[in-house]
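Geometric and topological summary
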Amino acid sequence: MRVHLGGHLAWHDPQKRSWIAIDQVAPISLIDLAHQLGLPLAEIAVVAVNRCTVALDDTFVSDADRVEFFPPLGGGGE
Amino acid sequence: MHHGFTGKILRVDLTARRLWTEEVAETLYRLYPGGKALAAYLLLRDLPAGVDPLGPGNVLILANGLLTGAPFSTATRFTAAARSPLTGGFGESEAGGFWGPELKMAGFEAIAVTGRAEKPAYLWVKDGQAEIRDATRLWKRDPEDVQAVIREELGDRLVRVLQIGLGGENLVRFAGLTNELRHFNGRTGMGAVMGSKQLKAIAVRGSSKYLEQAYEPKAIVEFGRRLVRLVKEHPASWDLQDRGTPGLIAGLNAAGILPTRNFHTGEFEGVDGLRWETYEKELLSGRRSCFACAVRCKREVKVDDRYQVTDSYGGPEYETIAGFGSNCGIADLQAVAKANELCGRYTLDTISTSATVAFAMECFEHGLISPEDTGGLELRFGNAEVMVKMVDMIARREQIGDLLADGTRRAAEVIGGDAAYFAMHVKGQELPMHDPRGKVGVGLGYAINEAGADHLTAFHDSMVANPESLSYRSALPLGVKKALPARELSRDKAELYGLLENWCSFEKVIGLCYFGPAPRSFIPVEEVVGVVAAASGWDVTVDELLRIGERATNLARVFDVREGFSRKDDTLPERLFQPLETGPLAGVGISRDDFEAAMTALYEFKGWDPVTAAPTRARLEALGVGWAAEMIEAA
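A quick note: this is a predicted structure, and the numbers were derived from the prediction, not measured. (Residues numbered from 1 in each chain as written. Chains lettered and ligands numbered in written order. Predicted model: local features only at pLDDT ≥ 70, side-chain atom pairs only at ≥ 80, totals over all residues. Heavy atoms only, no water.)

Quick look at the sheet that holds strand S8 (residues 129-134) of chain B
Whether parallel or antiparallel, the strands of a sheet pair through hydrogen bonds between backbone atoms. All names here are of chain B. Pairing within the open sheet is mixed, and its six strands lie in the order S8-S7-S12-S9-S10-S11. Strands with a single pairing partner mark the edges of an open sheet, and in this sheet they are S8 and strand S11 (183-185). For this sheet, the mean angle separating the axes of adjacent strands, direction not counted, is 20 degrees. As defined by bridge partners, strand S9 (residues 160-163) adjoins strand S10 (residues 177-179) across two bridges and the pair is classed as antiparallel. Paired with leucine 162 across the strands is asparagine 179, a residue of S10. Strand contacts of helix H4 (residues 143-154): strand S7 (121-126), S8, S9, S10 and strand S12 (199-205), with the helix running at about 135 degrees to S9, the strand carrying the most contacts. (Pairing = 2+ DSSP bridges. Helix = DSSP H or I, 4+ residues; strand = E, 2+ residues; numbered from the N terminus. Axes fitted to C-alpha atoms, helices over the stretch in contact; angles between N-to-C directions. Contact = heavy atoms within 4.5 Å.)

Examining the pattern of salt bridges
Residues and elements named next belong to chain B. Scanning the model with the defined rule gives 61 salt bridges over all chains in all. One salt bridge in this structure joins arginine 182 and glutamate 300, with 2.9 Å as the shortest N-O distance. Taken together, the residues span a long stretch of sequence, with arginine 182 in the loop between S10 and S11 and glutamate 300 in strand S14 (residues 298-301) at a distance of 118 residues. Accessibility assignment for this pair places arginine 182 and glutamate 300 in one class, buried. Arginine 225 is the partner of glutamate 222 in a salt bridge, and the nearest nitrogen-oxygen pair spans 2.9 Å. Note that glutamate 222 and arginine 225 are positioned in helix H8 (residues 217-233) at a spacing of three residues, about one turn of the helix. Classification of glutamate 222 by relative accessible area gives partly exposed; the value is 38%. Three or more residues joined by partner-sharing salt bridges are found here, namely Glu102, Arg151, Asp156, Arg160, Glu180 and Arg205. (Salt bridge = Lys/Arg side-chain N within 4 Å of Asp/Glu carboxyl O. Buried < 20%, exposed > 50% of the residue type's maximum accessible area, 1.4 Å probe, protein only.)

Topic: the nonpolar core
Residues and elements named next belong to chain B. By size, the foremost hydrophobic cluster in this structure holds 189 residues, and its most contacted members are Leu66, Leu67, Phe72 and Met387. Here this core gets 10 residues from one element, more than from any other, and that element is helix H21 (residues 491-510). Within the second largest apolar cluster, 30 residues are counted, among which are Ala82, Leu162, Met194 and Val204. (Core = buried A, V, L, I, M, F, W, Y, C linked by side-chain atoms within 4.5 Å.)

As for the confidence of the model for chain A
With 94% of its residues at a pLDDT of 70 or more, chain A shows a mean pLDDT of 89. Element-level mean pLDDT values for chain A span from 60 in helix H2 (residues 72-76) of chain A up to 96 in strand S1 (residues 2-5) of chain A. (pLDDT = per-residue confidence, 0-100.)

A few points about the domain arrangement of chain B
Residue and element names in this part refer to chain B. Looking at chain B, the domain boundaries give domain 1 (8-213), domain 2 (243-417) and domain 3 (440-634). Averaged C-alpha coordinates put domain 1 and domain 2 at centres separated by 27 Å. Contact residues are listed per partner, giving 38 residues for domain 1 and 34 residues for domain 2. Interface area, domain 1 with domain 2, both sides summed: about 2700 Å², of which 55% is carbon and sulfur. There are four salt bridges connecting domain 1 and domain 2. Where aspartate 406 meets arginine 173, a salt bridge forms, and the shortest distance between an N and an O atom there is 3.1 Å. Across the contact surface, domain 1 and domain 2 share 23 residue pairs in polar contact (both at pLDDT 80 or more). Every element with two or more residues in the side of domain 1 that touches domain 2 is listed here: helix H3 (99-105), H4, helix H5 (166-169) and S11. (Domains from an automatic or database assignment. Buried area = accessible area lost by both parts, 1.4 Å probe. Polar contact = N/O pair within 3.5 Å; in protein donor to acceptor, adjacent residues only side chain to side chain.)

Let's talk about the packing of helix H19 (residues 440-448) of chain B against helix H24 (residues 592-606) of chain B
Residues and elements named next belong to chain B. Closest axis-to-axis distance for the H19/H24 pair is 11 Å, and the angle between their directions is 70 degrees. For the element pair H19 / H24, the angle class is roughly perpendicular. For the element pair H19 and H24, the recorded crossing hand is right-handed. Mapping the contact onto sequence places Gly443, Leu444, Ala447 and Ile448 in H19 and Phe595, Ala598, Met599, Leu602, Tyr603 and Lys606 in H24. (Parallel < 35°, antiparallel > 145°, perpendicular 65-115°, else oblique. Left-handed = near helix turned anticlockwise from the far one by under 90°.)

Given below as structure tokens:
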């Protein structure tokens, strides 16, 4: 799985990466993925899976997916 | 003894070749502590209504804020203001860089220029002295050359030069100013005003220090040290330094509000060509900063590939990438960088220039502009080569470029037919690259702003949409009471916008960058209050700072009312009331009824008459500017 941390969300990654490759076998909810990556949910405004915008709370992703998290400043607006 | 400001305005009459100094009392300055407030006060006092914006009677004000030049991050901004040749109303644009701080060190808070030079001239200001010098040999030359020649002539490579390029000389109505080649007062056509006066440049040099005039210099130094740490520790400033505004492209596209093909939709199929990763790979050559700022949000670019782009004029910001990119249907970031370089060279506002090109593309696609009009150019969405060529034609006023150089509103009037529907402007100023259908508070700002559509009148809806978010929590000291969804258009949203507008206006007055204070970024509200007190010695509160911002906006509104603007001008382009056809927000438009109700609520929050959209006498008196009510009553 490839995960993009848009805007200041990359600041929450210990290595400040904006793209992260994750080996994830079992499907995982976006909320659990965000927790696993240490992302504060309040800072996530928009999520796209395979380039389609989805809701944060009811979507599962797995190995082949491309997931992009965007914060309020870089997603919902300037 | 006053603190934090020089107390002096340099007055210049180019027709009479006369220069003199005006003293500013502290009591007056506390009401109008610089920037937008001081400029609006001076324009209302000195400029009669109805003056030709491009005639000698217009007054060009360049005004620092109280904090401009203080030795800490983001205290770099100054305001350029005059009657706008683009809107006919209050013209205003802020810039950072180095010129404002240098002007403060040279002993002046502001410069006010009227008249018209008999032949091209430039102004030389140094340590309280000023003179008008010949610029005949500088006319028609690029800013890079002009800056080098002036520095050589004055024998000082640290002279800071504010100037216009070819666009300003040719009176392109959306021409701006540049300082240090990379910092722009882009909006509302202040470069055309300077060009109409045959004033090519203003060179400044000063030897005083901000701390010498501050009330508590040690507190200012300590504040600056804290900010250096905060810049590294705060996610927003970290992101500004790492990617800056170009990093916004992908997120706005995912949200369905990346303006695409003249705001026809909000999702661009070529977005990967414009993303930060492409920018970093194909353009990026370095990073730069403004005076004393640790954020370093400015990017340098250099290209020698499909296009040749010099690194002299700075890299494209988000607005420029979306403007020349998705909004023109173009996925080639190198072409965008070339258009950005040309706008820097000609000192054209990248927002209005790109929006005007997108407008012309849509007119061409609908047969309203023909190949005969364009000299055979296929002015279609996606044609990068022609897009770059159009920037050149606008600056030179060649063929269709001559018409487009007057902006979308005037061009649409000449073209006729459906062109007015394609002209995306408010009060004549083109829309920035944020679609209000996805963040409606931004739309209220576009509609009500005295200078026309502007994305920096307040903080965008998404910053105060989640009560747990960092930006929302940092806005609480301003009196924000409730988080609201980005697309909620209501009385609560109108009042939230009004509150945040006051804070944002205060920033424009005091000389702070939009990327400094909370809620956008890293400087807590209470720290801003503290540093204003440390600079001035005034016992200020958050409420007084909000009133400063509100007072400035009210004076700008009085200026517009005096010029005949009314509620009918506080609106949005018709297209925004129509639903987006594709993307994540397909089917979403702005409800006209909800919009009008929210505007009424906003007028009421501001203490303005909802019928005329003019400030009431009671509100102006409460703000200490009752004298301005007479101007409204006489209008």
